[in-house]
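Residues per chain, in single letters:
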Amino acid sequence: MNKKTIRDLKPVEVRGKRALVRVDFNVPLDDSGKVSDDTRIRAALPTIEWLADNGARIVLLSHFGRPKGGPDPKYSLKPVADRLRELTKRRVEFHGASIGPAIVAATKSLGEGDIVLLENTRFHPGEEKNDAELARAFAELGDFFVNDAFGAAHRAHSSTAGVATFLHPAVAGLLMERELEFLGRALAAPKRPFLAILGGAKISGKIDVIEALLPKVEGLLIGGAMACTFYRALDLETGESLVEADRVDLARELLDRARMRLTLPHDCVVAPSLEEPNAAHVVKRDAIPADEAMYDIGPDSIASYSRAIQTAKTVVWNGPMGVFETPPFDRGTRAIAEAMAKATNAGCLTIVGGGDSAAAVEQAGLAQQMTHVSTGGGASLEFLEGKALPGVEVLADK
Ligand code: ADP
Ligand code: MG
């Protein structure tokens, strides 16, 4: 990690100072408007607690959902403030705005260790345009800037990137540090064998990841609907499966280039439709019925993928192996999660990236047994693609 973090700051730069912290509190709410999954809030606690313990006055900024460029009560961060208060057991104020003289005054009246959460940054139309005036207004809210919003770091917005132009020092929070450490270590100096597992719905969104990982890994295991586009490249029948017809040539080209390192599932779980889970059955990959679709990898594939995982020293996984939201098509995904948990215990570095993949691992109750489950969906993908993240680029170098 070549970026400064809060731990690189001198005590005098922290105590009594206002830390403007960009967090990713973009969490789901239930029907009653309460936070239904507080993973992202909990992920920011180490930074918040560190700052509070070191006497900072904490000002939190986050986006929330996709309001259409103006205030919308549906996208208020108020319920998140309530949850944060329960989790931190500290004073947590909430303000229904995020810039302006009254808010600046509120940040200045905070006591050491106190926390204020401000309203959704996306209530300002300038936020997603990385508007400089808005960034300047955000910068007035703190004495130094901390970016802990890894999940938003791939976006150059006023509160993730622009603000750092006007507020120094700008450093990484502990979650950001952790994300960059683990993802970075896997890519830069992986212990070998290094295995990548890629799945999910579409090959199109993952091409850059495949291209970036292929030269680095000993093996790349394919699952999900993505496998079907590769099957088509082998002239196999794929029935009603999700296939991206316009990516078949690309899949063929990838197979030609990396046959030895690219593994496709040997067998699949197919059904006439997702509404007929009872009709699910296993077929070899060259026997997919023309009127059925592949919804998961089959037991032989699970067994061989699991064995490969046990021999690896580094595993990066992105994209579910099947339609994990609909049992029994969650079996492949669960089995891979279990194999990874076992590998972690045996000393393998296991990393899960991607929103749905993280959700699947969480759902299987195995998140704690991975070395690292990234909180950033799109951001972790862009990192794996080898792209620079704007929210990281703006931070001070060590
Ligand atoms: P991530 O968010 O982890 O990057 P993706 O968004 O790429 O993952 O893919 C997740 C989605 O892929 C899930 O909604 C899952 O249902 C779907 N999926 C996986 N396998 C299949 C399949 N065989 N057919 C249709 N959809 C699939
Ligand atoms: Mg997804």
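Residues numbered from 1 in each chain as written. Chains lettered and ligands numbered in written order. Predicted model: local features only at pLDDT ≥ 70, side-chain atom pairs only at ≥ 80, totals over all residues. Heavy atoms only, no water.

Re the overall build of the protein
Helix and strand counts for the protein come out as 15 helices and 15 strands. Taking 398 residues into account, the globule formula puts the C-alpha radius of gyration at 21 Å, and the protein, at 23 Å, falls close to it. For the protein, the residues scored as buried account for 57% of the 398 residues in total. A separation of at least 24 residues holds for 74% of the contacts in the protein among residues at least 6 apart in sequence. As presented, the protein carries roughly 16300 Å² of accessible surface, and 51% of it is formed by carbon and sulfur atoms. (Helix = DSSP H or I, 4+ residues; strand = E, 2+ residues; numbered from the N terminus. Rg over C-alpha atoms; globule rule 2.2 N^0.38 Å. Buried < 20%, exposed > 50% of the residue type's maximum accessible area, 1.4 Å probe, protein only. Contact = heavy atoms within 4.5 Å. Areas by Shrake-Rupley, 256 points an atom, 1.4 Å probe, with all protein chains shown as cover.)

So, the packing of helix H5 (residues 132-139) against helix H6 (residues 158-166)
Interhelical geometry of H5 versus H6 gives an angle of 75° and a closest axis separation of 8 Å. Here H6 runs roughly perpendicular to H5, going by the angle between their axes. Together, Ala132, Leu134, Ala135, Arg136, Phe138 and Ala139 of H5 and Ser158, Ser159, Gly162, Val163 and Phe166 of H6 make up the contact between the two elements. Of the residues assigned to the contact of H5 with H6, the class counts are seven nonpolar, three polar and one charged. (Axes fitted to C-alpha atoms, helices over the stretch in contact; angles between N-to-C directions. Parallel < 35°, antiparallel > 145°, perpendicular 65-115°, else oblique. Nonpolar A, V, L, I, M, F, W, Y, C, P; charged D, E, K, R; others polar.)

Quick look at the environment of Glu385
Tracing the backbone shows Glu385 in the loop between helix H14 (378-384) and helix H15 (390-393). Judged by its relative accessible area of 16%, Glu385 falls in the buried class. Distance in space between the C-alpha atoms of Glu385 and Glu133 is 32 Å, their sequence separation being 252 residues. Beyond its immediate stretch of four places on either side in the chain, Glu385 contacts Gly205, Asp208, Val209 and Ala212.

With respect to the layout of surface pockets
Its boundaries defined by the atoms lining it, the second largest pocket holds a volume of some 220 Å³. Along the walls of the second largest pocket sit 14 residues, with Asn26, His63, Arg66, Arg122 and Gly151 positioned nearest its centre. Of the residues in the lining of the second largest pocket, the class split is one nonpolar, eight polar and five charged. (1 Å grid on protein atoms, 1.4 Å probe; cavity = no way out; pocket = protein on both sides within 12 Å on 5 of 7 lines; lining within 4 Å. Points joined across faces, edges and corners; volume = space filled by probe spheres on them.)

Side note on the pattern of salt bridges
Applying the stated criterion to the full structure yields 28 salt bridges. Asp53 is the partner of Arg90 in a salt bridge, and the nearest nitrogen-oxygen pair spans 3.1 Å. Pair noted here: Arg90 is in the loop between helix H3 (78-88) and strand E3 (92-94) and Asp53 is in helix H2 (residues 39-53), with a separation of 37 residues, a long-range link. A relative accessible area of 53% means that Asp53 is categorised as exposed. Ionic pairing is found between Asp82 and Arg85, a salt bridge with its closest N-O pair at 3.2 Å. Placement of both Asp82 and Arg85 in helix H3 is noted, with a separation of three residues, approximately one turn of the helix. (Salt bridge = Lys/Arg side-chain N within 4 Å of Asp/Glu carboxyl O.)

Considerations on the environment of Phe94
With respect to the element layout, Phe94 can be found in strand E3. Between the C-alpha atoms of Phe94 and Phe144, which are 50 residues apart in sequence, the distance is 20 Å. Excluding residues within four positions of it along the chain, Phe94 makes contact with Ser76, Leu77, Lys78, Ala81, Leu117, Leu118 and Glu119.

Looking at the packing of aromatic side chains
All chains considered together, the criterion is met by one aromatic pair. Relative to Phe329, the ring of Tyr295 has its centre 5.1 Å away and its plane inclined at 55°; by these criteria the two rings are tilted. In this pair, Tyr295 is assigned in strand E12 (residues 293-297) and Phe329 in the loop between strand E13 (314-318) and helix H12 (331-345), connecting sequence segments 34 residues apart. Relative accessible area serves as the criterion here: at 15%, Tyr295 is assigned to the buried category. (Phe/Tyr/Trp six-rings, centres within 6.5 Å; stacked < 30°, edge-to-face > 60°.)

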